[in-house]
Amino acid sequence: GAVVSQHPSWVICKSGTSVKIECRSLDFQATTMFWYRQFPKQSLMLMATSNEGSKATYEQGVEKDKFLINHASLTLSTLTVTSAHPEDSSFYICSAPSVSGSTDTQYFGPGTRLTVL
Amino acid sequence: GQQVMQIPQYQHVQEGEDFTTYCNSSTTLSNIQWYKQRPGGHPVFLIQLVKSGEVKKQKRLTFQFGEAKKNSSLHITATQTTDVGTYFCAGRASGTSYGKLTFGQGTILTVHP
């Protein structure tokens, strides 16, 4: 089956620093990937749609200058949290659409837990 | 915007009891999906329902999609400790981009042996 990886799986950083999270589709190509944010015991909130070769589409209320998304190849999307602050601490998960069947079906990466001190 | 409500938020059952979680959308959905997230893990796709009134079964799990394509349910018969986790429904509103899902709040299921 389709595998999506994320790196790093967890990161602790100081306030004001930037953190880059990678999302890779390992055995398939993904022209579109999605980035979600999840707070403890809460639902997944879609942050943005990452489009290969073009600008990402951000959901309402998500600062595009704060959360930089780059989808440079068909297997890699990156999310950079710039000038991170404690309120940015969260679980960030990426997903890529299924290559067979419905493109609404998502394969999720294992997630990245970000803690900003 | 589209909202997907899911109840209950928490459900504690004894092993062997049944469990049901319900999902309600504010708008008509093109399809609805169910995901399971184990504690500390990531969501894993369970199933997708597309047709009005559709019912699908996976072993002890039964999924239903309402006639109006605005609500759905997941029923687990005779729960086991391996069923522990958070169950999310996720839907795409009619007319929106593929893959743009709205998730319900999730139901956290605990199973006592």
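These figures come from a predicted structure and were not determined experimentally.

Asker: Describe the interface of chain B and chain A, naming the residues involved and giving the relevant values.
Answerer: If you look at the interface, chain B gives 20 residues, while chain A gives 19 residues. Surface buried jointly by chain B and chain A totals about 1600 Å² across both partners, of which 54% is contributed by carbon and sulfur atoms. Linking chain B to chain A there are one salt bridge. Where chain B touches chain A, the interface holds four residue pairs in polar contact (both at pLDDT 80 or more). Looking at the side of chain B that touches chain A, the elements that each hand over two or more residues are β4 (29-37), β5 (44-49) and β9 (85-93) of chain B. With four residues, β4(B) is the single largest residue contributor to the side of chain B that touches chain A. Looking at the side of chain B that touches chain A, its residues break down into nine nonpolar, nine polar and two charged.

Asker: Outline the packing of aromatic side chains, listing residues and values.
Answerer: Summed over the entire model, instances satisfying the criterion amount to 10 aromatic pairs over all chains. Between B:Tyr35 and B:Phe103 the ring centres are 5.6 Å apart and the planes differ by 40°, which places this aromatic pair in the tilted class. Here the residue B:Tyr35 occupies a position in strand β4, and B:Phe103 occupies one in strand β10 (residues 102-103), the gap between them amounting to 68 residues. B:Phe103 shares its class with B:Tyr35; the two are buried. Ring pairing ties together the aromatic residues A:Tyr36, A:Phe108, B:Tyr35, B:Phe45, B:Phe88 and B:Phe103, which thus form one cluster. Taking the ring centre of A:Phe91 as reference, the NZ or CZ of A:Arg113 above it sits at 4.4 Å.

Asker: Break down the layout of surface pockets for me, with residues and values.
Answerer: In this structure, the largest pocket occupies an estimated 520 Å³ of space. As for the largest pocket, its lining consists of 19 residues, of which A:Met45, A:Glu59, B:Gln2, B:Leu101 and B:Thr102 are closest to the centre. Put simply, the parts of the chain that give the lining of the largest pocket at least two residues each are β5 (44-51) of chain A together with β1 (4-7) and β10 of chain B. No other element matches β5(A), which puts three residues into the lining of the largest pocket. Partitioning the lining of the largest pocket into residue classes produces nine nonpolar, eight polar and two charged. Roughly 400 Å³ of internal volume is contained in the second largest pocket. Lining of the second largest pocket is provided by 23 residues; of these, A:Lys41, B:Gln37, B:Pro39, B:Gly40 and B:Thr86 occupy positions nearest its centre. By residue class, the composition of the lining of the second largest pocket is nine nonpolar, 11 polar and three charged.

Thresholds applied
- Residues numbered from 1 in each chain as written.
- Chains lettered and ligands numbered in written order.
- Predicted model: local features only at pLDDT ≥ 70, side-chain atom pairs only at ≥ 80, totals over all residues.
- Heavy atoms only, no water.
- Contact = heavy atoms within 4.5 Å.
- Buried area = accessible area lost by both parts, 1.4 Å probe.
- Salt bridge = Lys/Arg side-chain N within 4 Å of Asp/Glu carboxyl O.
- Polar contact = N/O pair within 3.5 Å; in protein donor to acceptor, adjacent residues only side chain to side chain.
- Helix = DSSP H or I, 4+ residues; strand = E, 2+ residues; numbered from the N terminus.
- Nonpolar A, V, L, I, M, F, W, Y, C, P; charged D, E, K, R; others polar.
- Phe/Tyr/Trp six-rings, centres within 6.5 Å; stacked < 30°, edge-to-face > 60°.
- Buried < 20%, exposed > 50% of the residue type's maximum accessible area, 1.4 Å probe, protein only.
- Lys NZ or Arg CZ within 6 Å of the ring centre and 35° of its normal.
- 1 Å grid on protein atoms, 1.4 Å probe; cavity = no way out; pocket = protein on both sides within 12 Å on 5 of 7 lines; lining within 4 Å.
- Points joined across faces, edges and corners; volume = space filled by probe spheres on them.

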